[in-house]
Amino acid sequence: MAYRKTPAELRRLETARDHLVARATEVVAEVGWAQASVTAVADAAGIAAGSVYQHFPSKAALAVEVFRRASGHEVEVLGEVLRAEGDPVERLARGVETFARRALENRGLAYALLAAPAEPAVGAERLAYRLRYRALFAETVEQGMAAGLLPPQDGRITAAALTGAIGEVLVDPLGTPDEGSTEELLVELVAMALRCAGAAPATSRTRTSFHHSPPGGIR
(Lines give C-alpha, C1' and ligand atoms only; values in the text may rest on other atoms or scores of the structure.)
Protein backbone atom coordinates (compact mmCIF):
# COMPACT_ATOMS: atom_id res chain seq x y z
CA MET A 1 0.00 0.00 0.00
CA ALA A 2 1.41 3.39 -1.01
CA TYR A 3 2.49 5.69 1.78
CA ARG A 4 0.28 8.75 2.22
CA LYS A 5 1.57 11.89 3.89
CA THR A 6 -0.21 12.98 7.02
CA PRO A 7 -2.00 16.36 7.16
CA ALA A 8 0.81 17.67 9.39
CA GLU A 9 3.44 16.63 6.85
CA LEU A 10 1.48 18.24 4.02
CA ARG A 11 1.25 21.48 5.99
CA ARG A 12 5.00 21.45 6.63
CA LEU A 13 5.68 20.89 2.95
CA GLU A 14 3.32 23.71 1.95
CA THR A 15 4.95 26.06 4.45
CA ALA A 16 8.41 25.16 3.16
CA ARG A 17 7.24 25.65 -0.42
CA ASP A 18 5.75 29.06 0.39
CA HIS A 19 9.00 30.09 2.10
CA LEU A 20 11.00 28.98 -0.92
CA VAL A 21 8.80 30.91 -3.35
CA ALA A 22 8.97 34.03 -1.19
CA ARG A 23 12.77 33.92 -1.08
CA ALA A 24 12.92 33.20 -4.81
CA THR A 25 10.73 36.24 -5.46
CA GLU A 26 13.17 38.40 -3.49
CA VAL A 27 16.09 37.04 -5.48
CA VAL A 28 14.34 37.67 -8.79
CA ALA A 29 13.51 41.22 -7.70
CA GLU A 30 17.17 41.83 -6.88
CA VAL A 31 19.01 40.16 -9.75
CA GLY A 32 16.44 39.24 -12.41
CA TRP A 33 15.39 35.90 -13.85
CA ALA A 34 18.69 34.99 -15.51
CA GLN A 35 20.76 35.39 -12.34
CA ALA A 36 18.21 33.78 -10.03
CA SER A 37 19.90 30.39 -10.06
CA VAL A 38 18.74 27.44 -8.01
CA THR A 39 21.83 27.87 -5.85
CA ALA A 40 21.12 31.56 -5.25
CA VAL A 41 17.52 30.82 -4.31
CA ALA A 42 18.54 27.94 -2.05
CA ASP A 43 21.07 30.15 -0.27
CA ALA A 44 18.42 32.83 0.25
CA ALA A 45 16.02 30.22 1.63
CA GLY A 46 18.68 28.68 3.89
CA ILE A 47 18.44 25.21 2.36
CA ALA A 48 20.59 22.97 0.21
CA ALA A 49 20.24 23.39 -3.55
CA GLY A 50 19.05 19.81 -3.88
CA SER A 51 16.15 20.55 -1.51
CA VAL A 52 14.68 22.95 -4.07
CA TYR A 53 13.93 19.99 -6.30
CA GLN A 54 11.80 18.43 -3.59
CA HIS A 55 9.28 21.18 -4.34
CA PHE A 56 9.88 22.00 -8.01
CA PRO A 57 11.16 19.74 -10.80
CA SER A 58 13.20 22.51 -12.44
CA LYS A 59 14.30 26.13 -12.21
CA ALA A 60 11.71 26.98 -14.87
CA ALA A 61 8.90 25.50 -12.77
CA LEU A 62 9.99 27.57 -9.77
CA ALA A 63 10.20 30.69 -11.94
CA VAL A 64 6.68 30.12 -13.24
CA GLU A 65 5.35 29.80 -9.69
CA VAL A 66 7.11 33.02 -8.68
CA PHE A 67 5.59 34.80 -11.66
CA ARG A 68 2.10 33.40 -11.09
CA ARG A 69 1.98 34.37 -7.44
CA ALA A 70 3.38 37.87 -7.90
CA SER A 71 1.35 38.70 -11.01
CA GLY A 72 -1.74 37.04 -9.61
CA HIS A 73 -1.61 39.32 -6.59
CA GLU A 74 -1.31 42.39 -8.80
CA VAL A 75 -4.28 41.30 -10.91
CA GLU A 76 -6.32 40.89 -7.72
CA VAL A 77 -5.38 44.37 -6.47
CA LEU A 78 -6.21 45.97 -9.82
CA GLY A 79 -9.49 44.08 -9.95
CA GLU A 80 -10.47 45.35 -6.50
CA VAL A 81 -9.86 48.95 -7.59
CA LEU A 82 -11.54 48.69 -10.98
CA ARG A 83 -14.57 46.88 -9.56
CA ALA A 84 -15.14 49.20 -6.65
CA GLU A 85 -18.28 51.33 -6.47
CA GLY A 86 -18.52 54.68 -8.21
CA ASP A 87 -17.78 56.44 -11.47
CA PRO A 88 -16.15 53.95 -13.89
CA VAL A 89 -13.91 56.63 -15.42
CA GLU A 90 -12.60 57.57 -11.99
CA ARG A 91 -12.10 53.88 -11.22
CA LEU A 92 -10.15 53.53 -14.47
CA ALA A 93 -7.90 56.43 -13.51
CA ARG A 94 -7.46 55.07 -10.01
CA GLY A 95 -6.67 51.59 -11.31
CA VAL A 96 -3.95 52.86 -13.64
CA GLU A 97 -2.47 54.98 -10.87
CA THR A 98 -2.58 52.12 -8.37
CA PHE A 99 -0.93 49.65 -10.73
CA ALA A 100 1.83 52.07 -11.71
CA ARG A 101 2.50 53.29 -8.18
CA ARG A 102 2.83 49.76 -6.86
CA ALA A 103 5.23 48.93 -9.70
CA LEU A 104 7.38 51.98 -8.96
CA GLU A 105 7.50 51.08 -5.27
CA ASN A 106 9.09 47.72 -6.10
CA ARG A 107 10.94 48.36 -9.32
CA GLY A 108 13.07 45.24 -9.44
CA LEU A 109 10.17 42.83 -9.21
CA ALA A 110 7.92 44.94 -11.43
CA TYR A 111 10.57 45.01 -14.16
CA ALA A 112 10.94 41.24 -13.88
CA LEU A 113 7.20 40.76 -14.24
CA LEU A 114 6.74 43.21 -17.10
CA ALA A 115 9.80 43.14 -19.29
CA ALA A 116 12.97 41.40 -18.07
CA PRO A 117 14.33 38.60 -20.29
CA ALA A 118 13.05 35.28 -19.00
CA GLU A 119 12.69 31.63 -19.87
CA PRO A 120 10.00 30.74 -22.45
CA ALA A 121 7.75 29.33 -19.73
CA VAL A 122 7.73 32.67 -17.93
CA GLY A 123 7.15 34.47 -21.22
CA ALA A 124 4.06 32.34 -21.81
CA GLU A 125 2.75 33.25 -18.36
CA ARG A 126 3.40 36.92 -19.07
CA LEU A 127 1.15 36.73 -22.14
CA ALA A 128 -1.57 34.93 -20.17
CA TYR A 129 -1.60 37.57 -17.48
CA ARG A 130 -1.74 40.37 -20.02
CA LEU A 131 -5.06 38.88 -21.10
CA ARG A 132 -6.31 39.06 -17.51
CA TYR A 133 -5.34 42.74 -17.26
CA ARG A 134 -7.01 43.42 -20.58
CA ALA A 135 -10.23 41.77 -19.42
CA LEU A 136 -10.35 44.00 -16.33
CA PHE A 137 -9.76 47.18 -18.32
CA ALA A 138 -12.29 46.14 -20.98
CA GLU A 139 -14.94 45.58 -18.33
CA THR A 140 -14.37 49.07 -16.90
CA VAL A 141 -14.36 50.74 -20.32
CA GLU A 142 -17.64 49.04 -21.18
CA GLN A 143 -19.14 50.28 -17.91
CA GLY A 144 -17.98 53.78 -18.82
CA MET A 145 -19.73 53.53 -22.17
CA ALA A 146 -22.92 52.23 -20.54
CA ALA A 147 -22.87 55.20 -18.16
CA GLY A 148 -22.43 57.65 -21.05
CA LEU A 149 -19.03 58.73 -19.76
CA LEU A 150 -17.00 57.23 -22.61
CA PRO A 151 -17.67 57.34 -26.37
CA PRO A 152 -18.71 54.20 -28.28
CA GLN A 153 -15.70 51.98 -28.95
CA ASP A 154 -14.53 48.39 -28.90
CA GLY A 155 -13.66 47.96 -25.24
CA ARG A 156 -11.39 45.02 -25.99
CA ILE A 157 -9.23 47.06 -28.36
CA THR A 158 -9.02 49.97 -25.92
CA ALA A 159 -8.12 47.58 -23.11
CA ALA A 160 -5.36 46.00 -25.22
CA ALA A 161 -3.99 49.46 -26.03
CA LEU A 162 -4.08 50.46 -22.36
CA THR A 163 -2.34 47.30 -21.21
CA GLY A 164 0.43 47.66 -23.76
CA ALA A 165 0.90 51.39 -23.29
CA ILE A 166 1.06 51.25 -19.50
CA GLY A 167 3.68 48.52 -19.59
CA GLU A 168 5.73 50.33 -22.23
CA VAL A 169 5.64 53.64 -20.36
CA LEU A 170 6.84 51.95 -17.17
CA VAL A 171 9.72 49.94 -18.63
CA ASP A 172 12.36 52.69 -18.65
CA PRO A 173 11.45 54.20 -15.23
CA LEU A 174 11.52 50.75 -13.66
CA GLY A 175 15.07 50.28 -14.89
CA THR A 176 16.39 53.53 -13.40
CA PRO A 177 17.05 54.41 -9.74
CA ASP A 178 15.71 57.99 -9.99
CA GLU A 179 12.45 58.26 -8.08
CA GLY A 180 12.20 62.05 -8.13
CA SER A 181 9.74 62.21 -11.03
CA THR A 182 7.36 59.49 -9.81
CA GLU A 183 4.38 61.74 -9.13
CA GLU A 184 4.74 63.57 -12.45
CA LEU A 185 4.97 60.24 -14.26
CA LEU A 186 1.82 58.98 -12.56
CA VAL A 187 -0.12 62.10 -13.53
CA GLU A 188 0.96 61.80 -17.15
CA LEU A 189 0.24 58.07 -17.26
CA VAL A 190 -3.28 58.50 -15.90
CA ALA A 191 -3.93 61.34 -18.36
CA MET A 192 -2.72 59.15 -21.22
CA ALA A 193 -5.01 56.31 -20.14
CA LEU A 194 -8.05 58.57 -20.00
CA ARG A 195 -7.27 60.00 -23.44
CA CYS A 196 -6.90 56.49 -24.80
CA ALA A 197 -10.36 55.61 -23.48
CA GLY A 198 -11.84 58.84 -24.82
CA ALA A 199 -12.68 60.42 -21.48
CA ALA A 200 -13.43 64.13 -21.51
CA PRO A 201 -10.60 66.22 -19.98
CA ALA A 202 -10.96 66.34 -16.23
CA THR A 203 -8.34 68.30 -14.31
CA SER A 204 -9.40 66.76 -11.05
CA ARG A 205 -8.78 63.29 -12.42
CA THR A 206 -5.42 63.88 -14.02
CA ARG A 207 -3.85 66.16 -11.42
CA THR A 208 -4.92 64.44 -8.26
CA SER A 209 -2.86 61.58 -6.89
CA PHE A 210 -5.24 58.88 -5.71
CA HIS A 211 -4.30 57.38 -2.37
CA HIS A 212 -6.35 54.21 -2.42
CA SER A 213 -3.65 51.75 -3.40
CA PRO A 214 -2.74 49.08 -0.85
CA PRO A 215 0.62 49.92 0.79
CA GLY A 216 3.86 48.16 0.16
CA GLY A 217 4.04 48.02 -3.60
CA ILE A 218 4.16 44.79 -5.58
CA ARG A 219 4.70 41.78 -3.37
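In the block above lies the structure referred to throughout.
Attention here is on the structure that accompanies the text. Just so it is clear, the structure is predicted and the values come from calculations on it, not from any experiment.

Before going further, it helps to spend a moment on the overall build of the chain. Scanning the chain for helices and strands turns up 10 helices and 0 strands. Walking the chain from its N terminus toward its C terminus, one meets helices and strands in the order α-α-α-α-α-α-α-α-α-α. Counting only residues that meet the buried cut, the chain has 43% of its 219 residues in that class. At a minimum sequence separation of 6, the contacts of the chain that also span at least 24 residues come to 72%.

With their axes 9 Å apart at the nearest point, helix H5 (residues 88-105) and helix H9 (residues 182-197) run at an angle of 140° to one another. By the criterion of interaxial angle, the relationship of H5 to H9 is oblique. Viewed along their axes, H5 and H9 form a crossing whose handedness is right-handed. Here Val89, Leu92, Ala93, Val96, Glu97, Ala100, Arg101 and Leu104 of H5 come into contact with H9, specifically with Thr182, Glu183, Leu185, Leu186, Leu189, Val190, Ala193, Leu194 and Ala197. Residue composition of the contact of H5 with H9, by class: 13 nonpolar, 1 polar and 3 charged.

Our focus in this paragraph is the pattern of salt bridges. Counting across every chain of the model gives 10 salt bridges. Across the pair Glu65 and Arg17 runs a salt bridge whose closest N-O atoms are separated by 4.0 Å. Linking Glu65 in helix H4 (residues 59-82) with Arg17 in helix H1 (residues 7-35), this pair joins segments that are 48 residues apart in sequence. Among the residues examined, Glu65 registers a relative accessible area of 16% and is labelled buried. Of the charged contacts in the structure, one is a salt bridge between Glu97 and Arg101, with a shortest N-O distance of 2.6 Å. Residue Glu97 and its partner Arg101 are both found in helix H5; the two are separated by 4 residues, about one turn of the helix.

Reading the values: the criteria
- Residues numbered from 1 in each chain as written.
- Predicted model: local features only at pLDDT ≥ 70, side-chain atom pairs only at ≥ 80, totals over all residues.
- Heavy atoms only, no water.
- Helix = DSSP H or I, 4+ residues; strand = E, 2+ residues; numbered from the N terminus.
- Buried < 20%, exposed > 50% of the residue type's maximum accessible area, 1.4 Å probe, protein only.
- Contact = heavy atoms within 4.5 Å.
- Axes fitted to C-alpha atoms, helices over the stretch in contact; angles between N-to-C directions.
- Parallel < 35°, antiparallel > 145°, perpendicular 65-115°, else oblique.
- Left-handed = near helix turned anticlockwise from the far one by under 90°.
- Nonpolar A, V, L, I, M, F, W, Y, C, P; charged D, E, K, R; others polar.
- Salt bridge = Lys/Arg side-chain N within 4 Å of Asp/Glu carboxyl O.

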